[in-house]
Amino acid sequence: QVQLVESGGGLVQAGGSLRLSCAASGRTFPNRPIGWFRQAPGKEREFVAAITWNNVGTAYADSVRGRFTISRDNAKNTVYLQMNRLKPEDTAVYYCAVDVSGVIVSRDVRRYDHWGQGTQVTVSS
């Protein structure tokens, strides 16, 4: 079973930056798309960004496009989410997961599995 661990969250002021990491267990990173999702209190889990196995294809939620950048380093078994110009509305627990049967990126949360434990991002105003 693939195990994912998110890290890099924390408390930051509006306009600041954070880089989240999603590290996979095993000798190699899963050869499938990886997605980032977030869940704020009282809200459903929301798609943030996703990336194909070879870094060619990406997708972003409209709310983060231009501010967040997803990338992956398969040699390090890690996917990154660089978050710039953070806003208070970005406050949420951020999760990564694998689209276990995908090739292209998908925004559909139902396709993803092997969720990590999440990392808290709090943006103060």
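Further up the page is the structure itself.
Residues numbered from 1 in each chain as written. Predicted model: local features only at pLDDT ≥ 70, side-chain atom pairs only at ≥ 80, totals over all residues. Heavy atoms only, no water.

**Observations regarding the packing of aromatic side chains**
Defined as follows: Under the pairing criterion, centres of Phe, Tyr and Trp rings, with the six-membered ring standing for Trp, must be within 6.5 Å; the plane angle then separates stacked pairs below 30 degrees from edge-to-face pairs above 60, leaving the rest tilted. In this text, helices come from DSSP runs of H or I with a minimum length of four residues, and strands from runs of E with a minimum of two, each type numbered from the N-terminal end. Categorising residues by exposure relies on relative accessible area from a 1.4 Å probe, with only protein chains included: less than 20% of the type maximum marks a residue as buried, more than 50% marks it as exposed, and the intermediate range marks it as partly exposed.
All chains considered together, the criterion is met by four aromatic pairs. A ring pair is formed by Phe37 and Trp115, whose centres lie 5.1 Å apart and whose planes are at 65°; its orientation type is edge-to-face. Of the two residues, Phe37 sits in strand 4 (residues 34-39) while Trp115 sits in the loop between strand 10 (112-113) and strand 11 (119-124), which places them 78 residues apart along the sequence. On the basis of relative accessibility, which here comes to 1%, the residue Phe37 falls in the buried class. Owing to a relative accessible area of 27%, Trp115 belongs among the partly exposed residues under this scheme.

**Here we look at the state of the cysteines**
Selection criterion: The disulfide criterion is simple: two cysteine sulfur atoms within 2.5 Å.
Under the definition given, this model contains one disulfide. What pairs with Cys22 in a disulfide is Cys96, and their sulfur atoms sit 2.0 Å apart. When the S-S torsion is 80°, as for the bridge of Cys22 with Cys96, the disulfide is right-handed. Placement of the pair is Cys22 in strand 3 (residues 18-24) and Cys96 in strand 9 (residues 92-99), with a sequence separation of 74 residues.

**Quick notes on the pairing of strand 11**
Formally: Any two strands between which DSSP finds at least two bridges are classified as paired.
Alternating positions in strand 11 separate cleanly, Thr119, Val121 and Val123 being buried on one face and Gln120, Thr122 and Ser124 remaining unburied on the opposite face. Looking at chain direction, strand 2 (residues 10-13) and strand 11 are connected through four bridges and run parallel. Directly across from Leu11, in strand 11, lies its bridge partner Thr122. Of the pairings in the sheet, the one linking strand 9 to strand 11 comprises three bridges and is antiparallel in character. Counted as the bridge partner of Val93 is Gln120 from strand 11.

**Quick notes on the sheet that holds strand 1 (residues 4-7)**
Worth spelling out the cut-off: An axis is simply a line fitted to the C-alpha atoms; with a helix, the fit covers only the stretch in contact. Between two such axes, the angle follows the N-to-C directions and lies from 0 to 180 degrees.
Read from one edge of the open sheet, four strands run 1-3-8-7, paired in antiparallel fashion. Two strands bound the open sheet, and with one partner strand each, they are strand 1 and strand 7 (68-73). Across this sheet, the average inter-strand angle for adjacent strands is 15°, counted without regard to direction. Relative to strand 3, strand 1 runs antiparallel, the two sharing four bridges. Across the sheet, residue Ser7 finds its bridge partner in strand 3, namely Ser21.

**Concerning the pattern of salt bridges**
Cut-off, in case you're wondering: In what follows, salt bridge is the name for a side-chain nitrogen of Lys or Arg lying within 4 Å of a carboxyl oxygen of Asp or Glu.
Summed over the entire model, instances satisfying the criterion amount to six salt bridges. Between Asp62 and Arg65 there is a salt bridge, with the nearest N and O atoms lying 2.5 Å from each other. A salt bridge links Arg111 to Asp99; its shortest N-O distance comes to 2.9 Å. Placement of the pair is Arg111 in the loop between strand 9 and strand 10 and Asp99 in strand 9, with a sequence separation of 12 residues.

**Some points on the side chain of Arg38**
What counts is decided by this rule: Contacts described as polar in this section are N or O atom pairs within 3.5 Å, which, within protein, must combine one atom able to donate a hydrogen with one able to accept it, while residues neighboring in sequence count only if both atoms come from side chains. The contact criterion used is simple: two residues touch if any of their non-hydrogen atoms lie within 4.5 Å.
Note that Arg38 resides in strand 4. Within the structure, Arg38 has its side chain in polar contact with the side chain of Tyr94 (distance 2.9 Å). When residues no more than four places from it in sequence are discounted, the contact partners of Arg38 are Glu44, Arg45, Glu46, Val48, Ser63, Val64, Phe68, Glu89, Asp90, Ala92, Val93 and Tyr94.

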